[in-house]
Amino acid sequence: MKIMKFLSLVTMVILLASCNQNGATQKPIKTELDSVSYAIGMDVARNVKASFEDFDSDLFMQGFNNVTDSSDILLEESKAQQVVRAYFQKKQQADAAKRQEEAAKNKEEGEKFLAENKTKDGVKTTESGLQYIVLKEGTGAKPTTSSKVKVHYHGTLIDGTVFDSSVDRGEPTEFGVTQVIKGWTEGLQLMKEGAKYKFFIPSDIAYGANPRPGGKIKANSTLIFDVELLEVK
């Protein structure tokens, strides 16, 4: 978003906030233009809330009023743009550093968990680092990389946080054996139809440093899945 466009949107939010702070009666929505105006205000407010963790509403209003009546402007326009640009650059750097720190912590905690887990009874470890427990052995067909499978699964982080579960949804899912993370592709080929396994998947054969944005799985997360292979197609 361009700086001046951003500042213009912030100005709209400030004006709306000022009306509420001054105890003005909220206007009813009567016309199409009223609806559009209100909807724009809602959208801008969400953008501002997403961009700023905190701000001084009094100085927001002071800046708005100073510009509208051309009095006692504390920052020149070029300086205002520079300040906002520097703020967001610093915020981006801080966010990136925070993500790197979180990723390193997740990697360390995952490796510690797997090192302890592989010593437990029943846990087997493959060459890739995938760990698994056979909860119930199957008797049917074994999938290959060209197979499609129908499974029930329950996925958690090592702290027990559930991030995805066909079991909770009450509906199994189908997909190709190679259409999932590497840990799943490898693990499924160890199973026979009717089997139930528990997978402990290191981050480098899960989603690594690039999980889906906004989800519960963070960078370098070790994942745990209870998997039931219902059918091989």
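Residues numbered from 1 in each chain as written. Predicted model: local features only at pLDDT ≥ 70, side-chain atom pairs only at ≥ 80, totals over all residues. Heavy atoms only, no water.

A separate point is the overall build of the chain. Each helix and strand counted, the chain has six helices and seven strands in total. In sequence order, the secondary structure elements of the chain are arranged as α-α-α-α-β-β-β-β-α-β-α-β-β. When the 233 residues of the chain are sorted by exposure, 32% land in the buried category. Of the contacts made within the chain by residues no fewer than 6 positions apart, 70% connect residues no fewer than 24 positions apart. Entry remark: accessible area of the chain is about 15,200 Å², with carbon and sulfur atoms responsible for 51%. (Helix = DSSP H or I, 4+ residues; strand = E, 2+ residues; numbered from the N terminus. Buried < 20%, exposed > 50% of the residue type's maximum accessible area, 1.4 Å probe, protein only. Contact = heavy atoms within 4.5 Å. Areas by Shrake-Rupley, 256 points an atom, 1.4 Å probe, with all protein chains shown as cover.)

Another aspect to go through is unusual backbone geometry. What is expected of a backbone is that most residues other than glycine have negative phi and most peptide bonds are trans. In this structure, N220 is a non-glycine residue whose phi angle is positive, near 65°. Structurally, the position occupied by N220 is in the loop between β6 (196-201) and β7 (223-232).

This part covers the side chain of T156. Tracing the backbone through its elements, the reader meets T156 in strand β3 (residues 148-157). Discounting chain neighbours no more than four positions away, the residues touching T156 are T161, V162, F163, L223 and I224.

Given 3.6 residues per helical turn, the α-helix brings residues three or four places apart onto the same face. Taking 1.5 Å of rise per residue, the 41 residues of helix α4 (residues 77-117) would be expected to cover 60 Å, and the 59 Å separating its terminal C-alpha atoms lies within 8% of that figure. Among all positions of α4, only A80, V84, A103, N106, G110, F113, L114 and N117 are buried. (Expected span 1.5 Å × (residues − 1).)

Time to look at the packing of aromatic side chains. The final tally for this structure, using the stated rule, is ten aromatic pairs. On the numbers, 5.6 Å between centres and 5° between planes, the contact of Y132 with Y197 is stacked. Note that Y132 is positioned in strand β2 (residues 131-136) and Y197 in strand β6, a separation of 65 residues in sequence. As far as burial versus exposure is concerned, Y132 and Y197 are alike and both buried. Relative to W184, the ring of Y153 lies with its centre 5.7 Å away and its plane at 90°, an arrangement referred to as edge-to-face. Remark: W184 occurs in helix α6 (residues 182-188) and Y153 occurs in strand β3; sequence separation between them is 31 residues. The burial state of Y153 is the same as that of W184; both residues are buried. (Phe/Tyr/Trp six-rings, centres within 6.5 Å; stacked < 30°, edge-to-face > 60°.)

In short, the description is geometric, and any link to function would need to be established separately.
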